[in-house]
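If you want the building blocks of each chain, they are given just below.
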Amino acid sequence: MNGDDNGDNGHWPREPIGRLDEPAPVELKAQRVAAMRSGPDEPILGLLEREMEFLLEHLEELRALHRDLDRDLLRSEARVKTDLLRLRPLRYSLNENHEPQRAALKRRGEDLARERRSLSLDLSTRRRGLLERLATLLERHIQVRGGGDNGGNGDGHRL
């Protein structure tokens, strides 16, 4: 990939998905479209909007799960670091050997860091799939509604 390539391989969208705890641009666009509400004489648009709302709810639940897991892991890491500080050798205490405990706590800290990275990767992967599905629904909504020849959303920007 070169510096100008954003990973676009013909699939829509390839906007940055941002941080896990913030809505992606495609989510914000889907919220606007879903809020417009089509009339009862447009059942296909209504179905697409309901499906977008479902995906938006799922993305919010995923964000809440990420926040909870991140907070729990952060607390665990803080406890491990506190325990490590308590086992720090004191100048006047030469007889105590806490190295086995310190090594075990360091391993636990490393395990927690690996777990955090793994969970973030898993949540990011799941989020990417949901965002791609949401983008597909937005495209279909534009096609059904007949949103113009440039695939825009009426404000000059591409959804």
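Residues numbered from 1 in each chain as written. Predicted model: local features only at pLDDT ≥ 70, side-chain atom pairs only at ≥ 80, totals over all residues. Heavy atoms only, no water.

Another aspect to go through is the overall build of the protein chain. Scanning the protein chain for helices and strands turns up three helices and zero strands. Across the protein chain, helices and strands are ordered from the amino to the carboxyl terminus as α-α-α. For the protein chain, the proportion of its 159 residues judged to be buried stands at 29%. Relative to all contacts within the protein chain whose residues are 6 or more apart in sequence, the contacts with residues 24 or more apart total 70%. Of the accessible surface of the protein chain, which amounts to about 10900 Å², a share of 52% is contributed by carbon and sulfur atoms. (Helix = DSSP H or I, 4+ residues; strand = E, 2+ residues; numbered from the N terminus. Buried < 20%, exposed > 50% of the residue type's maximum accessible area, 1.4 Å probe, protein only. Contact = heavy atoms within 4.5 Å. Areas by Shrake-Rupley, 256 points an atom, 1.4 Å probe, with all protein chains shown as cover.)

Oppositely charged side chains are able to pair whenever their charged atoms sit close together. Following the criterion strictly, the structure yields 11 salt bridges and no others. Ionic pairing is found between E77 and R116, a salt bridge with its closest N-O pair at 3.0 Å. With E77 in helix 2 (residues 43-86) and R116 in helix 3 (residues 99-145), this pair connects stretches of sequence that are 39 residues apart. Overall, E77 belongs to the buried group, its relative accessible area being 14%. Linking R86 and D83 is a salt bridge whose minimum nitrogen-to-oxygen distance equals 3.4 Å. Of this pair, R86 and D83 both sit in helix 2, three residues apart, which is roughly one turn of that helix. Given the relative accessible area of 31%, D83 is considered partly exposed. Each of E27, E60, R63, R67 and R127 takes part in a single network of salt bridges with overlapping partners. (Salt bridge = Lys/Arg side-chain N within 4 Å of Asp/Glu carboxyl O.)

At a minimum axis distance of 10 Å, the contact between helix 2 and helix 3 shows a crossing angle of 170°. As judged from the angle between their axes, helix 2 and helix 3 are roughly antiparallel. Residue classes in the contact of helix 2 with helix 3 are distributed as 25 nonpolar, six polar and 16 charged. (Axes fitted to C-alpha atoms, helices over the stretch in contact; angles between N-to-C directions. Parallel < 35°, antiparallel > 145°, perpendicular 65-115°, else oblique. Nonpolar A, V, L, I, M, F, W, Y, C, P; charged D, E, K, R; others polar.)

Here the focus is the nonpolar core. If you look at the biggest cluster of nonpolar residues, it comprises 18 residues, and the most contacted ones within it are V26, A30, M52, L134 and L138. Elements that contribute at least two residues to this core include exactly helix 1 (25-36), helix 2 and helix 3. Looking at which element gives the most residues to this core, the answer is helix 3, with seven residues. For A30, the contacting residues outside a window of four places in its chain are M52, L56, L134 and L138. Among the nonpolar cores identified, the runner-up in size contains six residues, and V80, L84, L87 and L112 belong to it. (Core = buried A, V, L, I, M, F, W, Y, C linked by side-chain atoms within 4.5 Å.)

Each α-helix turn comprises 3.6 residues. Residues three or four places apart therefore point the same way. When the terminal C-alpha atoms of helix 1 are compared, their 17 Å separation across 12 residues agrees well with the 16 Å that a helix rising 1.5 Å per residue should span. Looking at the packing, one finds that the buried side of helix 1 touches helix 2 and helix 3. Looking one or two places after helix 1, you find R37, whose phi comes out positive at around 55°. (Expected span 1.5 Å × (residues − 1).)

We now examine the confidence of the model for the protein chain. When pLDDT is low, close inspection of the predicted coordinates is not appropriate. Of all residues in the protein chain, 75% attain a pLDDT of 70 or more, and the chain-wide mean is 78. Across the protein chain, helix 2 holds the top mean pLDDT of 91, while helix 1 sits lowest at 88. Contacts for the low-pLDDT stretch residues 148-159, under 50 throughout, to residues beyond four places or in other chains number 19 contacts. (pLDDT = per-residue confidence, 0-100.)

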